[in-house]
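Chain by chain, the residues:
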Amino acid sequence: MHSPDDPVFKRRYRAMKAKDARFDGQFITGVHSTGIYCRPSCPARTPNPQNVSFYLTAAAAHEAGLRACKRCFPDAVPGSPEWNLRDDLSARAMRLIDDGVVDREGVDGLAHRLGYTPRHLTRVLTAELGAGPQALARAHRAQSARVLLQSTELPVTQVVFASGFSSVRAFNDTISAVYETSPSALREKARAAHRLLPGERDAGVVTITLPARAPFDGAGVIDFLAHRAVPGVETVVDGVYRRGLLLPHGQALVSLEVRGDSVVCRARLQNLSDLSTLAARVRRLFDLDADAEAIDEALREVAELCRSVDAVPGIRVPGATEPHEIVFRALVGQQVSTKAARTVLGHLAAELGEPLAFGDEATTTLFPTAAQIAEGGRAVLRGPAKRIDTIIRVAEALASGELVVDVGVAQAQLTADLVALPGIGDWTAGYVAMRVLGAPDVLLDGDLAIRAGAGRLGLPSGRRELARFAERLSPWRSYAGMHLWRAAQPGTSPAARS
């Protein structure tokens, strides 16, 4: 919270007064005279400065006694880009909370993952974000529940558990406190606005729409995934990405399609309680929360990148639905072509992966877990003995917990842990950081395709020269790298190994 004379307050107040949708999701506007909180672009009359407070999270507004605006639904927007741009304790905690860790493991589990006591974690989050981990998780559950109520026909009792609540009473109390209405009223409002479309319903399939911060090069992400699709595990047909996933409580078959500035997610799940986790992972896979306008504006300051940015506004850094899988993709692909890597990974999945319960002719198998690769990988993998030794050693470390690769790990720690293992270098560690953590400032300057793309755009193509030149692109070097990958193969989407 800041006073009206504070520069941060003035900047946010100007954005709110201008109804600037670019800031939706980046901060919350609390209006104390009405007792509500809004997104910055809310069409309501602009409140006087003395009646306004700004918050980084909806949970902080809840803690201040405010309820969500029924006119603008402030949580129906992309999430904050801060949690990827920052790598401090609060940002890492938010990434894990969004993934459902508090719902599954409690505050103690969250604190253990982050390496702090629950008391210290609560103190830090309350000081920096205005709310502790329980309140932040409660706000996340409320948002998930609203999305399900307003975009699906799931029975309310199923929405309760799909959004992470442990009881119907807690669900009803939270919806009432946050939205000052009942679950049935939220759903009726969606029906009146024609958000529940009969054509989107399919027995056993849940469909949700996840908004992106515009501009959004969703087609580029689909092409990126198609170029690396592992046979039997994932497919891309007519622009729809389809794959099986192993989530915390069971399997899921997911179909993802880009529609404008959104991703439509259709999922068949063994356990509905995985739905909010799935939504968070799809958001990360498509990098939906990136501050695209700010990134493009910064990259355009480099003359050699202007044409590429203008051709592909809102380029994204594809993330991960399963962090361990990215590690193995990087290890397999670091010294071979993308086509060869797909063949090796497809064979690995066919031999070791668990059959997909909802599979079809093209999507039959889950990508194998670290434990499955540790146990059976040596008999399946082919190639140099040192590379196989590295893959098996990493699989054993991941399976035992000796090596931790997830969204709650700090980038510096992740990089150090990876490069400490024989056979893993800077390229693999950087690639994993980009895709698992959403690290925005990694340039894989040792990648031959990136250096070739740099040369085609008129940038230095030597490794040291490119690294020095790219310093001016910080903190968005990962996004610059996506443009360079794209430039390496004119007429195609970004291409890179693994």
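Below or above, wherever it landed, is the structure these notes cover. In this text, all values refer to a predicted model and were calculated from it rather than measured experimentally.

So, how was this worked out
Residues numbered from 1 in each chain as written. Predicted model: local features only at pLDDT ≥ 70, side-chain atom pairs only at ≥ 80, totals over all residues. Heavy atoms only, no water. Helix = DSSP H or I, 4+ residues; strand = E, 2+ residues; numbered from the N terminus. Rg over C-alpha atoms; globule rule 2.2 N^0.38 Å. Buried < 20%, exposed > 50% of the residue type's maximum accessible area, 1.4 Å probe, protein only. Contact = heavy atoms within 4.5 Å. Areas by Shrake-Rupley, 256 points an atom, 1.4 Å probe, with all protein chains shown as cover. Arc of directions from axis to C-beta. Expected span 1.5 Å × (residues − 1). 1 Å grid on protein atoms, 1.4 Å probe; cavity = no way out; pocket = protein on both sides within 12 Å on 5 of 7 lines; lining within 4 Å. Points joined across faces, edges and corners; volume = space filled by probe spheres on them. Nonpolar A, V, L, I, M, F, W, Y, C, P; charged D, E, K, R; others polar.

**Some details on the overall build of the chain**
Reasoning step 1: If you tally the helices and strands in the chain, you get 23 helices and nine strands.
Reasoning step 2: By the compact-globule yardstick of 23 Å for 498 residues, the chain fits well, its C-alpha radius of gyration being 23 Å.
Reasoning step 3: For the chain, the spread of C-alpha atoms along the three principal axes comes to 70 × 50 × 45 Å.
Reasoning step 4: Per-residue burial for the chain yields a buried fraction of 54% across its 498 residues.
Reasoning step 5: Considering only contacts within the chain whose residues lie at least 6 apart along the sequence, 68% involve residues at least 24 apart.
Reasoning step 6: Within the structure as shown, the chain displays about 20600 Å² of accessible surface, and the carbon and sulfur contribution to it stands at 51%.

**Some details on helix H10 (residues 183–192)**
Reasoning step 1: Buried residues of H10: Pro183, Leu186, Arg187 and Ala190, and no others. All buried residues of H10 fall inside an arc of 95 degrees around its axis, so they share one side.

**What about the environment of aspartate 173?**
Reasoning step 1: You can see aspartate 173 is positioned in helix H9 (residues 168–179).
Reasoning step 2: In this structure, the C-alpha to C-alpha distance between aspartate 173 and glycine 65, residues 108 residues apart in sequence, is 14 Å.

**Quick look at helix H20 (residues 426–437)**
Think of an α-helix as 3.6 residues a turn; residues three or four steps apart then line up on the same face.
Reasoning step 1: The end-to-end C-alpha separation of H20 is 16 Å, in line with the 16 Å expected for twelve residues at 1.5 Å each.
Reasoning step 2: Among the residues of H20, those classed as buried are Trp427, Thr428, Ala429, Gly430, Tyr431, Val432, Ala433, Met434, Arg435, Val436 and Leu437.
Reasoning step 3: Phi turns positive, to about 70 degrees, at glycine 438, one or two residues after H20.

**Here we look at the layout of surface pockets**
Reasoning step 1: Considered as a void within the structure, the second largest pocket measures approximately 780 Å³ in volume.
Reasoning step 2: Around the second largest pocket, the lining is made up of 34 residues, and of these Arg281, Glu322, Pro323, His324 and Val405 lie nearest the centre.
Reasoning step 3: Those elements giving two or more residues to the lining of the second largest pocket turn out to be helix H5 (101–114), strand E7 (240–247), helix H12 (275–285), helix H15 (323–333), helix H17 (370–380) and helix H18 (385–400).
Reasoning step 4: Among the elements that line the lining of the second largest pocket, the one with the most residues is E7, at five residues.
Reasoning step 5: Classifying every residue of the lining of the second largest pocket gives 20 nonpolar, four polar and ten charged.

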